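Residue-level listing of the chains:
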Protein chains: 2
Amino acid sequence: MLLSVLPDIKELIEKKDWYALRGTIAKWPAPEIVDLLLTLDKPERVLLFRLLPRQLSEEVFSYFEPEEQNALLKELTDEETRQLLASLPPDDRTALFEELPGQATQRLLNLLSPEDLKEVRQLLGYPEESVGRLMTPDYVAVRPNWTVAQALEQIRQKGKDSETVNMIYVVDDSWKLLDALELRRIILANPTDYIEQLMDYSVVSLSAFDDRERAVYMIQRYDVFALPVVDSNGVLLGIVTADDVMDVAQEEATEDFHKGAAVAPLKVSYREAGIWSLYAKRIGWLITLVFVNLASSGVISAFEHTLSSAIALAFFIPLLIDSGGNAGSQSATLMVRALATGEVKVDQWIRTVLKELGVGVALGLTMGFAGSLLGYFRGGPAIGVVVGLSMLAIIVVANIIGVAIPFLLTKFRLDPAVASSPLITSVADAAGLLIYFVIASNVLHL
Amino acid sequence: MLLSVLPDIKELIEKKDWYALRGTIAKWPAPEIVDLLLTLDKPERVLLFRLLPRQLSEEVFSYFEPEEQNALLKELTDEETRQLLASLPPDDRTALFEELPGQATQRLLNLLSPEDLKEVRQLLGYPEESVGRLMTPDYVAVRPNWTVAQALEQIRQKGKDSETVNMIYVVDDSWKLLDALELRRIILANPTDYIEQLMDYSVVSLSAFDDRERAVYMIQRYDVFALPVVDSNGVLLGIVTADDVMDVAQEEATEDFHKGAAVAPLKVSYREAGIWSLYAKRIGWLITLVFVNLASSGVISAFEHTLSSAIALAFFIPLLIDSGGNAGSQSATLMVRALATGEVKVDQWIRTVLKELGVGVALGLTMGFAGSLLGYFRGGPAIGVVVGLSMLAIIVVANIIGVAIPFLLTKFRLDPAVASSPLITSVADAAGLLIYFVIASNVLHL
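Residues numbered from 1 in each chain as written. Chains lettered and ligands numbered in written order. Predicted model: local features only at pLDDT ≥ 70, side-chain atom pairs only at ≥ 80, totals over all residues. Heavy atoms only, no water.

(A) Summary view of the pattern of salt bridges. Scanning all chains against the criterion turns up 22 salt bridges over all chains. One salt bridge connects Glu153 of chain A with Arg156 of chain A, and the closest N-O pair in it is separated by 3.7 Å. Of this pair, Glu153 of chain A and Arg156 of chain A both sit in helix H13 (residues 148-158), three residues apart, which is roughly one turn of the helix. We note a salt bridge from Asp415 of chain B to Lys259 of chain B, for which the minimum N-O separation is 2.6 Å. Of the two residues, Asp415 of chain B is situated in the loop between helix H21 (349-411) and helix H22 (421-443) and Lys259 of chain B in helix H17 (residues 242-260); the sequence distance between them amounts to 156 residues. When salt bridges with common partners are traced through the structure, they connect Glu129, Arg212, Glu251 and Glu252 of chain A into a single cluster. (Salt bridge = Lys/Arg side-chain N within 4 Å of Asp/Glu carboxyl O. Helix = DSSP H or I, 4+ residues; strand = E, 2+ residues; numbered from the N terminus.)

(B) Broad picture of the nonpolar core. Counting 96 residues, the largest nonpolar core has Leu313 of chain A together with Leu313 and Phe437 of chain B as the members making the most contacts within it. Listing elements by their share of this core, those giving two or more residues are helix H18 (275-302), helix H20 (317-340), helix H21 (349-411) and helix H22 (421-443) of chain A together with helix H18 (275-302), helix H20 (316-340), H21 and H22 of chain B. Leave out the neighbours within four places in its chain, and Leu313 of chain A touches Thr306, Leu307, Ile383, Val386, Tyr436, Ala440 and Leu444 of chain A. The next biggest cluster of nonpolar side chains, apart from the first, holds 40 residues, and it includes Met135 and Ala242 of chain A together with Tyr222 and Leu237 of chain B. (Core = buried A, V, L, I, M, F, W, Y, C linked by side-chain atoms within 4.5 Å. Buried < 20%, exposed > 50% of the residue type's maximum accessible area, 1.4 Å probe, protein only. Contact = heavy atoms within 4.5 Å.)

(C) Focus on the interface of chain B and chain A. Contact with chain B, which involves 104 residues of that partner, is made by 104 residues of chain A. Summed over both sides, the interface of chain B with chain A buries roughly 10,100 Å², with 64% coming from carbon and sulfur. Where chain B packs against chain A, one counts six salt bridges. Arg221 of chain A is the salt-bridge partner of Asp35 of chain B, the closest N and O atoms lying 3.0 Å from each other. On the surface where chain B and chain A come into contact, there are 39 residue pairs in polar contact (both at pLDDT 80 or more). If one sorts the elements of the side of chain B that touches chain A by residue count, H18 of chain B sits on top with 17 residues. (Buried area = accessible area lost by both parts, 1.4 Å probe. Polar contact = N/O pair within 3.5 Å; in protein donor to acceptor, adjacent residues only side chain to side chain.)

(D) Summary view of the sheet that holds strand S5 (residues 226-230) of chain B. Pairing is mixed in the open sheet, where three strands are placed in the order S4-S5-S6 (chain B). Where the open sheet ends on each side, the last strands, each with one partner, are strand S4 (206-207) and strand S6 (236-241) of chain B. (Pairing = 2+ DSSP bridges.)

(E) Local environment of the relation of the copies chain B and chain A. With an axial shift of 0.1 Å and an RMSD of 0.2 Å, the rotation relating chain B to chain A amounts to 180°. On the angle and the small slide along the axis, the relation comes out as a two-fold axis. Most of the interface of chain B is mirrored in chain A: 100% of its interface residues are interface residues there too. (Least-squares fit on C-alpha atoms with pLDDT ≥ 70 in both.)

(F) Layout of the confidence of the model for chain A. In the predicted model, chain A carries a mean pLDDT of 84, and the fraction of residues at 70 or more is 93%. Here residues 1-5 of chain A is modelled with pLDDT under 50, and outside its nearest four sequence neighbours on either side it reaches seven contacts, counting other chains as well. (pLDDT = per-residue confidence, 0-100.)

(G) Quick peek at the pairing of S6 of chain B. All names here are of chain B. Of all six residues that make up S6, six are buried, and the element is covered over most of its length. Sheet topology places S5 next to S6; five bridges connect them, and they run antiparallel. Within the sheet, the bridge partner assigned to Leu227 lies in S6 and is Val240. Connecting S5 to the antiparallel partner S6 that follows it, the hairpin turn spans five residues, and Gly234 within it adopts a positive phi of roughly 80°.

(H) Fine view of the pairing of strand S3 (residues 177-182) of chain B. Relative to S3 of chain B, strand S2 (residues 167-171) of chain B is paired through five bridges, and the arrangement is antiparallel. In the strand pairing of S3 of chain B, Tyr169 of chain B is matched with Ala180 of chain B.

Printed below as a string of structure tokens:
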């Protein structure tokens, strides 16, 4: 972005005048420097990165993706590596280690100080996609019997290492979480007050073994910037912050988009995914759906005579089955998303199915009218009746299939997002062909 | 949630012992009270709500959806209404007014104090879905020539009204934004230091006329809890906070999910949308896609003789066009999401199309092999060759259609999310039928 407006930066790069370049970019925000570094070739990227002032290089490093962090680390000395690793926030460091092959992880772990090592191992002990992996142990804790002045002194001393001091946590002697106080409440209080006087003992916390989606839900529900994480005894282990949770929410939404198109979750970004990994994430559902599509072929087989005695029926096959598939995709996507955001609860299925029945009839009547006109002009009154009636029935049935499958999946404790557009389309197509040929053979007496 | 574990609450409701009930729930977090109130009938909900202690009732009120806030307000006296309105944060108040019919808005605006009225009107002056509608004017501003002690005094005085004091904004005499300082940096500083000494003049801000999606992007990019909003002269107007931005991100994701299934954005939650509104959001695309499907019918028409001389070709129509549609949906969804999250940039289209060509060939070879087996067992070697070759070609072409349409839409400054699964499926179906019949008539010499 900045590159295009600053031709002199381009010139400095071409001239390889790295010192002048360093001077210019040292005042940029770290994400902009990351963008610039990513436009350079690898040897030049490492060169320019090593020239950055120490504190800035640490900040810039933390903005790279784990893959690029690893590539950079390979080029640095052990001492430089140790320093960068120590400067990373613990949760980013965990993300980096999770991405690395086992051997590289071991090499890097050996470079960490014993305290950092313990921290990383502890974070790594929790299941993947759990709150434990997301939390950072950098927070400020105070005791109920301290004064506000003592607490402020603790914040001044420990606050430099903290991911956030916006929330201050109150713990007892065994580090059990008692309360969470906003920093502003401590600042606004009288310095001689006791922390206990500010407490209302109403604290919402997460378990380290909770799914990270729960962290997203809770932070949204309670409109807070951070939530404490406790073990089964209520002992404070760490905190999760809103900025990390936003990244999780985006990743989870991307997974749901991919599932909605019958793509298995990629785990890495699209840019980083290779051809074979993309192939592997897609072929499974494509092959599975072939079996669903065989039901459609079976329906055509069964009605071979109907079709060959009125070949005009074939013209409307794509129109009818696509329309059914489209309506089914629409209702399935509305359901999957409403269930995912909690707008609709599973026990409201009767009301929801009835509502979609109403919508389906309205859509079916409109589409049926359009279909009967097309059928009439293409094949006469009888075909008009067949296509119109089939369209009405297909839209209503496909709409109900679209709304029912996500509910059924949820009922059987499966992920409703499996009800992808391709799956619903394939199921609706088989049902649609059956409806079409049954109506056709009855109306046309074939 | 709490209801199910606390049978005595149920008992109190049945006994209509509202005073005892109030005593019990007064200690609950506000969102739990909201859930309880929503399970009650309207007269009882109003009754119990009015019994809540004043401060709690204000907090509970702010957690209701605008629809329910409006329903509650209708039952309250003008004085109660005025008090509740005054207690709402300005951005929530704006959300409430936006949801109301014009006349009700006017009645409520008349109840506001002149200052509050000005605030609401000012917030309402910005375009819908702009940052101006999202921002709150409640923040703490300090001057560069103040000492840290003076700044802390200002935070103590103004902090009670502030949505957030985690970031403190530095402005000049004409209220131009100079810098943003984390509260922790002010607390950690020496009380006799000047604010100017803490400043680095590197502040990232939003324009009030920016799209609110930009607020989501910027807050995620810079990992901050709040961003300042300025006018074209750089004057500080308000701030947007991470919790409001998370709600926007969720709404935008829901809109993209709906667009991905060819449903126009609902604007309200699924639960609140009526049958006619759902009908209206869906019928447009269904009718539009009928015209795309007519291309498929046209292809079958053109190859009527091919089809009637080898009716077995009809069996494979659903299998081939559904497989193509599914592969196209997969690649289109991957593209739309990668473009939306910025993982793939528009100018990387060549590399991306080549990558998807590779994926398409790998998928096509696998699916083509499966298709040739099915064709062989159903109709002999010639049909096996036709189905296998068609499947390969259809998957490759559909995959390219899926990746190309989102890029083309972006190129012409249209929303790539229009490349919904139903649209891609319908386009891929017409292309697939053409490929199938051309290959069939050549291989079978029809």
